[in-house]
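Given next are the chains, with one letter for each unit.
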Amino acid sequence: MFSFEGFVRINTFLTGVYRVAFLNLLWMATTLLGLGVLGVGPASYALAKYLDRWLRAGETPPPARVFWRYARERAGRSIVISWILLAAGGVIVTNVFLAQSWYVQVFNVGALVVLAITASYVYPVLAATDLATVPRQLGGALMIGFGSLHWTVLGATVVGATWWVLWQFALPLLVLFGMGIPAYAVGLVTRAVFRGLTTDPATDPATNLATDTEGVAEVARPQAVAAR
C-alpha cells in the first residue's frame, strides 16, 4: 500500500502536470489575443518567468493572475525580440528551401539550429537576469545554450521523443502540452545555470543562513542582558 508520503508525491506530480497544461493554455490564449506577432513575445516571456520563479524559488501563485501581469511587464522588449527571431527565422527557412547550392542550404540549417537554441533561452534570460540590451540578451541566451550543450541536446531529445509519442497516440495532449513541455525542459536547464549566475535572496542559502544567524543573535542578546 502507498504511504502518506507516496500520496503526497503523486499529488505534487499531478499538480505540476496540471500547472504546465494551464500555463500552456495561457500561452496560447495570450498569443492569439496578440494576433500572433504581437502576442507570442509577451506570452513567451510570461511563461518563462513563471517557470523560473516556480523551479528556482518554489513560487506557485495562481497562474492566470500572475501570467497576465508578467505578459505586460516587459511587453515592448519581448515583442522586439520575437520580431527579430521571426524575421531571422523567415530568412533562414527561405534560404534552406530556395538556395541553389547545397552548401548554402547546409549552412542555413546550421543557422536554424543556432536560432532555435537562442529562441529557447532568450526569454528565460530576459526574465531572470539584468542584461540591459537586446544584443546582450540574445548573446546570453546563445552562451547558455552552447555552454550547457549536453543538457540542451538531452532536453531537445526528450522533448522531441515526447512530442512524437503524443503525435502518434494522443494528439489532444500535444495541443494541451505542446509549448509547456519544451518550456519546462528549458526551465530545468536554466535553474541550474541561473543559480550560479544570479543571487536571489529568497533562494540563496548563504543569505538565508545570514538571516537566520542575525535572528538568533537578536534573540540571544536580550537573554544575555537579562542574565547580567
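Quick look at the structure, then.

Reading the values: rules and limits
- Residues numbered from 1 in each chain as written.
- Predicted model: local features only at pLDDT ≥ 70, side-chain atom pairs only at ≥ 80, totals over all residues.
- Heavy atoms only, no water.
- Helix = DSSP H or I, 4+ residues; strand = E, 2+ residues; numbered from the N terminus.
- Buried < 20%, exposed > 50% of the residue type's maximum accessible area, 1.4 Å probe, protein only.
- Contact = heavy atoms within 4.5 Å.
- Areas by Shrake-Rupley, 256 points an atom, 1.4 Å probe, with all protein chains shown as cover.
- Axes fitted to C-alpha atoms, helices over the stretch in contact; angles between N-to-C directions.
- Parallel < 35°, antiparallel > 145°, perpendicular 65-115°, else oblique.
- Left-handed = near helix turned anticlockwise from the far one by under 90°.
- Nonpolar A, V, L, I, M, F, W, Y, C, P; charged D, E, K, R; others polar.
- Phe/Tyr/Trp six-rings, centres within 6.5 Å; stacked < 30°, edge-to-face > 60°.
- Lys NZ or Arg CZ within 6 Å of the ring centre and 35° of its normal.
- Expected span 1.5 Å × (residues − 1).
- 1 Å grid on protein atoms, 1.4 Å probe; cavity = no way out; pocket = protein on both sides within 12 Å on 5 of 7 lines; lining within 4 Å.
- Points joined across faces, edges and corners; volume = space filled by probe spheres on them.
- Arc of directions from axis to C-beta.
- Core = buried A, V, L, I, M, F, W, Y, C linked by side-chain atoms within 4.5 Å.
- Salt bridge = Lys/Arg side-chain N within 4 Å of Asp/Glu carboxyl O.

### Some words on the overall build of the protein
In terms of helices and strands, the protein carries ten helices and zero strands. Its helices and strands in sequence order give the protein the pattern α-α-α-α-α-α-α-α-α-α, from N to C terminus. Looking at the 228 residues of the protein, the share that counts as buried comes to 37%. Look at the contacts in the protein between residues 6 or more apart in sequence, and 70% of them connect residues 24 or more apart. Carbon and sulfur atoms make up 72% of the accessible area of the protein, which amounts to about 13,700 Å² in all.

### Examining the packing of helix α4 (residues 75-98) against helix α5 (residues 102-128)
Packing of α4 against α5 leaves a shortest axis separation of 9 Å and a crossing angle of 165°. For the element pair α4 / α5, the angle class is roughly antiparallel. Taken as a pair, α4 and α5 cross one another with a handedness that is left-handed. Of the residues in α5, those touching α4 at Arg77, Ser78, Ile81, Ser82, Leu85, Ala88, Gly89, Ile92, Val93, Asn95, Val96 and Phe97 are Gln105, Asn108, Val109, Ala111, Leu112, Leu115, Ala119, Val122, Tyr123 and Leu126. Of the residues belonging to the contact of α4 with α5, the class tally is 15 nonpolar, six polar and one charged.

### Regarding the packing of aromatic side chains
If you walk through the whole model with that rule in mind, you get five aromatic pairs. Here the aromatic rings of tryptophan 164 and phenylalanine 169 are separated by 6.4 Å at their centres, their planes lie at 85°, and the arrangement is edge-to-face. On the accessibility criterion, tryptophan 164 (51% relative accessible area) is exposed. The ring of tryptophan 54 carries the charged tip of arginine 19 above its face, separated from the ring centre by 5.0 Å.

### Focus on helix α1 (residues 4-33)
Over its 30 residues, α1 extends 43 Å from the first C-alpha to the last, a length consistent with the 44 Å expected when each residue adds 1.5 Å. Of all the positions in α1, only Gly6, Gly16, Arg19, Val20, Ala21, Leu23, Asn24, Leu26, Trp27, Thr30 and Thr31 are classed as buried. A positive phi of about 55° marks leucine 35, the residue just after α1.

### Remarks on the layout of surface pockets
What the largest pocket holds in volume is close to 970 Å³. Along its surface, the largest pocket is lined by 37 residues, and Ala116, Ala119, Ser120, Met179 and Pro182 are the ones closest to its centre. Of all the secondary-structure elements, those providing two or more residues to the lining of the largest pocket are α2 (40-57), α4, α5, α7 (149-169) and α9 (180-197). Residues that form the lining of the largest pocket fall into these classes: 27 nonpolar, nine polar and one charged.

### Here's the deal with helix α3 (residues 63-73)
For α3, every residue scored as buried is listed here: Pro63, Val66, Phe67, Tyr70 and Ala71. Seen from one end, α3 has its buried residues packed into an arc of 140°, which puts them on one side. Facing away from the buried side of α3 by over 90 degrees, the exposed positions are Arg65 and Arg72. Considering only its buried residues, α3 is in contact with α1, α2 and α4.

### Some words on the nonpolar core
Formed by 24 residues in total, the largest nonpolar core has its most connected members in Leu23, Leu47, Tyr50, Leu51, Trp54 and Phe67. Of all the secondary-structure elements, those providing two or more residues to this core are α1, α2, α3, α7, α8 (171-177) and α9. Here the element with the most residues in this core is α2; it accounts for seven residues. For leucine 51, the contacting residues outside a window of four places in its chain are Leu23, Arg56, Ala183 and Tyr184. In this structure, Ile92, Ala127, Ala141 and Ile144 belong to the second largest nonpolar core, which totals 23 residues.

### Examining the pattern of salt bridges
The final tally for this structure, using the stated rule, is three salt bridges. Note that aspartate 52 is salt-bridged to arginine 56, the shortest N-O span being 2.7 Å. Of the two residues, aspartate 52 and arginine 56 both sit in helix α2, four residues apart, roughly one turn of that helix. Using a relative accessible area of 9% as the deciding quantity, one classes arginine 56 as buried. One salt bridge in this structure joins arginine 53 and glutamate 59, with 3.0 Å as the shortest N-O distance. Here glutamate 59 falls in the partly exposed class, since its relative accessible area comes to 32%.

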